[in-house]
Amino acid sequence: MSAQPKTGEGLRETILGILAEIAPEADLSRLKPEENLRDALDIDSLDFLHFASRLEQRLSIRIPETDYRKIATLAGCLGYLGSKTS
Amino acid sequence: MTSQRSGRFVAKRNHGMKTRWAPIVKSRPSQGAIPNLEDYAKAWSTFSWDAARRELAGLPGGGGLNIAYEAVDRHVDAGRGGSVALRWLGKDGAIHDYTFGQIKSLTDRFANVLGGLGVRKGDRVFALCGRIPELYVAALGTLKRGAIFCPLFSAFGPEPIRSRLMIGQAKVLVTTESLYRRKVEALRDALPFLERVVVIADAPGGGGSAPGIVDYARTMEEASERFAIAPTAAEDPALLHFTSGTTGFPKGALHVHDAVVAHYATGRLALDMKPGDVFWCTADPGWVTGTSYGIIAPLVNGVMNLVVEAEFDADLWLEILEREGVSVWYTAPTAIRMLVKAGSALVKAHRYPRLRFMGSVGEPLNPEAVVWGQEAFGLPFHDNWWQTETGGIMIANFASMDIRPGSMGRALPGIEAAIVRRTKNGAEEIREPEADGELALRPGWPSMFRAYWNEPERYRKCFAGGFYLTGDLARRDADGYFWFVGRSDDVIKSSGHLIGPFEVESALLEHPAVAEAAAIGLPDPVAGELVKAFVTLKSGFEASPELQLRILGLARSRLGAAVAPKDLEFRSALPRTRSGKIMRRLLKAQALGLPEGDLSTLEAPS
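Residues numbered from 1 in each chain as written. Chains lettered and ligands numbered in written order. Predicted model: local features only at pLDDT ≥ 70, side-chain atom pairs only at ≥ 80, totals over all residues. Heavy atoms only, no water.

Draft legend 1. Representation of the overall build of chain A in the model. On a plain count of helices and strands, chain A comes out with 4 helices and 0 strands. Scanning chain A from its N terminus toward the C terminus, one meets helices and strands in the order α-α-α-α. Computed over C-alpha atoms, the radius of gyration of chain A comes to 12 Å, within 12% of the 12 Å expected from 2.2 N^0.38 for 86 residues, which places it in the range of a compact globule. If you line up chain A on its principal axes, its C-alpha atoms span 30 × 25 × 25 Å. Counting the 86 residues in chain A, one finds 49% classified as buried. Across chain A, contacts joining residues at least 24 apart in sequence account for 54% of those joining residues at least 6 apart. For chain A, the accessible area works out to roughly 4100 Å², and carbon and sulfur atoms hold 50% of it. (Helix = DSSP H or I, 4+ residues; strand = E, 2+ residues; numbered from the N terminus. Rg over C-alpha atoms; globule rule 2.2 N^0.38 Å. Buried < 20%, exposed > 50% of the residue type's maximum accessible area, 1.4 Å probe, protein only. Contact = heavy atoms within 4.5 Å. Areas by Shrake-Rupley, 256 points an atom, 1.4 Å probe, with all protein chains shown as cover.)

Shown next as structure tokens:
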């Protein structure tokens, strides 16, 4: 795995990269920051679990289940993961 | 933690070890908490389907039986119209209570709406929406009209939606504005029999007025709330639930109004529903559990039905259990295993003084999870077994009975379950305990399916030797507890949902690069099984991570997240039998690293 992006564009790319693996058919350029990822990208509970665990692996962090609600949107991800990785 | 029994060969590998967990012994209940089924043997001696049927009202004037009347109007006629029947918790935090009286007038209106659309007795009305109040109104209103209600899972992609609407020859579809745009609109030309789509606005004032579109809110407002329920007989068709087999397209299991007798009795006996209960079934009505127990059973038993629109979230769900004072909770192994993953400390951060009974269905619940319930909640999970075709719970761990963790429990009063072996001429019962065989049921219970829609031959093949053959392999111990062993076919069970490999493979073959495709279920610690696809490529195409994602993406956009493969692997060839059938079981054995010796058993009976 390459160097861990901490904030800003790098982090955004990591998140979008994982989403593109989980929902390859989705047009991520149209994803609005406040949209619920599950609804916008047709992501089910298992996909979401995979999304969280890939974030954990690639950012070398732990995301407790109680924080899943904080990563439900792209904006939420950026804020939450930004504070965790900086 | 691993799923213990994900497939026949896994079970075979463990066969003979007979390692079973210590039973969970039930202490005698304190006064006031005596389960509806207090004594198993006694319940058997007093139970009959006729007696259960007599506890329902029947249509006024002696005119037959109707599920919606028993679920809703009966309570209103008995003076309970002011009691809360359904509490809806919206994704956005909204809470709406609906009394039996309110549901009666809403469903009467909806039945009138359908009348205005020309829906007649026996016509199919489909629904494709999340767990929103309108779904419940549509289901019960359709039954009042005497039409057949068919729920579709909202996470289906366009292809499963198209094939089911086609097979069931839907006349009317009820859906939401956004689901219509995303998944249905482009299919309309291919569905000429679909006369009208009733669209529920995403936000007030939305909806639409295109040709063939009816705005739900407007048409409900215009409809009269005076309606006399269609005179349905007990054997008249009521519900159509699609399920999957190994081969061919999905099949529609047809249930009749008499099924309500089983919804009522099994809700009482297997889930211990009592007056004053707050009942939460987490299943989506797109699957049979979410209709039989997420709509009908709680209403017909007169308990408050809690409907939660949001998908699984450990914290949120535990909060709901606590805040809403849920007393009977019916959930599924995938959710339970996600809670196990979140940890018992999280569970213990809340208090559940009213919670009395926890049930699980969808796939066998591993013994670790049964026992974990005891540790985390102070209550064990009660696994039970049934399937789309049975319409209601057939085998269960009852509130009053000691639990043998990993067992699906014992047959319900009125249900004769057996282990059989298929023979040349049919099937014969294996009477000695602890023998592996196919789980079979003696026909005659009210919620048994009466047909696969328009497929009499497929239906006939399910019966032999005087039994309905379930396709599940199991064994029964000397005390009558049943233990799941595996499936006799190649269907995949992921998050409790049956997925037909053929449906998945057909979508994969639509990709221009794919020459052959096979889909199997591989064990997953949370979902039970995950769908994995194997494909070979046409000449001129090179395997690459980009192509892998493109094919997976196509499968997702066709099938939706609930059915599409979660993983895909390229192969230079797929193993086939001499007759040319793809050997899914061999792929599965290879993926699981099973020894050669097991391969002889791999081919599924056709």
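Draft legend 2. Molecular detail of the pattern of salt bridges. In total, this model carries 58 salt bridges over all chains according to the counting rule given. The salt bridge partner of A:Arg62 is A:Glu56, with a shortest N-O separation of 3.1 Å. Members of the salt-bridge network, linked through shared partners, are A:Glu25, A:Asp44, A:Asp47, B:Arg556 and B:Lys566. (Salt bridge = Lys/Arg side-chain N within 4 Å of Asp/Glu carboxyl O.)

Draft legend 3. Molecular detail of the sheet that holds strand β26 (residues 514-524) of chain B. Residue and element names in this part refer to chain B. With mixed pairing, 3 strands are arranged side by side in an open sheet as β26-β27-β28. Lying at the two open borders of the sheet, with one neighbouring strand each, are β26 and β28 (567-570). Shown here is a sheet whose adjacent strand axes are inclined to one another by a mean of 25°, direction ignored. The pairing of β26 with strand β27 (residues 528-537) spans 10 bridges and is classified as antiparallel. From the neighbouring strand, Ile520 faces β27, where its bridge partner is Lys532. Those strands touched by helix α18 (residues 545-559) are β26, β27 and β28, and its axis lies near 130° from that of β28. (Pairing = 2+ DSSP bridges. Axes fitted to C-alpha atoms, helices over the stretch in contact; angles between N-to-C directions.)

Draft legend 4. Examining the domain arrangement of chain B more closely. Residues and elements named next belong to chain B. Taken as a whole, chain B is organised into domain 1 (11-51 + 258-487), domain 2 (65-240) and domain 3 (492-592). At the interface, 9 residues of domain 2 touch 9 residues of domain 3. Together, the buried faces of domain 2 and domain 3 total about 590 Å²; carbon and sulfur atoms form 58% of this surface. The interface formed by domain 2 and domain 3 contains 1 salt bridge. In this structure, Glu503 engages Arg164 in a salt bridge whose closest nitrogen and oxygen atoms are separated by 2.7 Å. Scanning the region where domain 2 abuts domain 3 turns up 3 residue pairs in polar contact (both at pLDDT 80 or more). Here the side of domain 2 that touches domain 3 is built from residues that sort into 5 nonpolar, 2 polar and 2 charged. (Domains from an automatic or database assignment. Buried area = accessible area lost by both parts, 1.4 Å probe. Polar contact = N/O pair within 3.5 Å; in protein donor to acceptor, adjacent residues only side chain to side chain. Nonpolar A, V, L, I, M, F, W, Y, C, P; charged D, E, K, R; others polar.)

Draft legend 5. Spotlight on the interface of chain B and chain A. Of the residues lining the interface, 29 residues belong to chain B; the matching set on chain A comes to 21 residues. Overall, the association of chain B and chain A removes approximately 1900 Å² of surface from exposure, summing both partners, and the carbon and sulfur fraction of that is 52%. In this assembly, chain B and chain A are joined by 9 salt bridges. Elements with a minimum of two residues in the side of chain B that touches chain A: α12 (314-323), α13 (333-342) and α18 of chain B. Examining the composition of the side of chain B that touches chain A, we find that 5 residues originate from one element, α18(B), more than from any other. Partitioned by chemical class, the residues of the side of chain B that touches chain A number 14 nonpolar, 6 polar and 9 charged.

Draft legend 6. Geometry of the pairing of strand β6 (residues 196-200) of chain B. Residue and element names in this part refer to chain B. β6 sits mainly inside the fold: 4 of its 5 residues count as buried. Inspection of the sheet shows strand β5 (residues 172-176) paired to β6 by 5 bridges, in the parallel sense. Considered in β6, the bridge of Val174 is made with Val198. Two strands pair when backbone bridges link them, and β6 and strand β7 (residues 213-215) are joined in this way by 3 bridges, in the parallel orientation. Bridge pairing in β7 places Val198 opposite Val214.

Draft legend 7. Structural detail: the packing of helix α4 (residues 67-77) of chain B against helix α5 (residues 100-116) of chain B. All names here are of chain B. In contact at an axis separation of 9 Å, α4 and α5 are set at 125° when each is read in the N-to-C sense. Considered as vectors, α4 and α5 are oriented oblique to each other. At the point where α4 passes α5, the crossing takes the left-handed sense. Contacts from Ala71, Val72, Asp73, His75 and Val76 in α4 reach Phe100, Gly101, Ile103, Lys104 and Asp108 in α5. Here the contact of α4 with α5 is composed, by residue class, of 5 nonpolar, 2 polar and 3 charged. (Parallel < 35°, antiparallel > 145°, perpendicular 65-115°, else oblique. Left-handed = near helix turned anticlockwise from the far one by under 90°.)

Draft legend 8. View of the environment of B:Leu306. Residues and elements named next belong to chain B. Of note, Leu306 is situated in strand β11 (residues 304-308). Among the residues examined, Leu306 registers a relative accessible area of 1% and is labelled buried. With near-sequence residues (within four places) excluded, Leu306 lies in contact with Arg87, Leu89, Val278, Phe279, Trp280, Cys281, Ile320, Glu324 and Val326.

Draft legend 9. Inspection of α5(B) at higher detail. Residue and element names in this part refer to chain B. Along its 17 residues, α5 runs 24 Å from first to last C-alpha, staying within 8% of the 24 Å computed at 1.5 Å per residue. For α5, the full list of buried residues reads Phe100, Ile103, Thr107, Asp108, Phe110, Ala111, Val113 and Leu114. One or two steps after α5, the chain reaches Gly118, where phi turns positive at roughly 85°. (Expected span 1.5 Å × (residues − 1).)

Draft legend 10. Here's a closer look at the side chain of B:Thr142. All names here are of chain B. If you trace the backbone, Thr142 turns up in helix α6 (residues 133-145). On the basis of relative accessibility, which here comes to 0%, the residue Thr142 falls in the buried class. Every residue in contact with Thr142, bar those within four places of it in the chain, is listed here: Phe110, Leu114, Val125, Ala147, Ile148 and Phe149.

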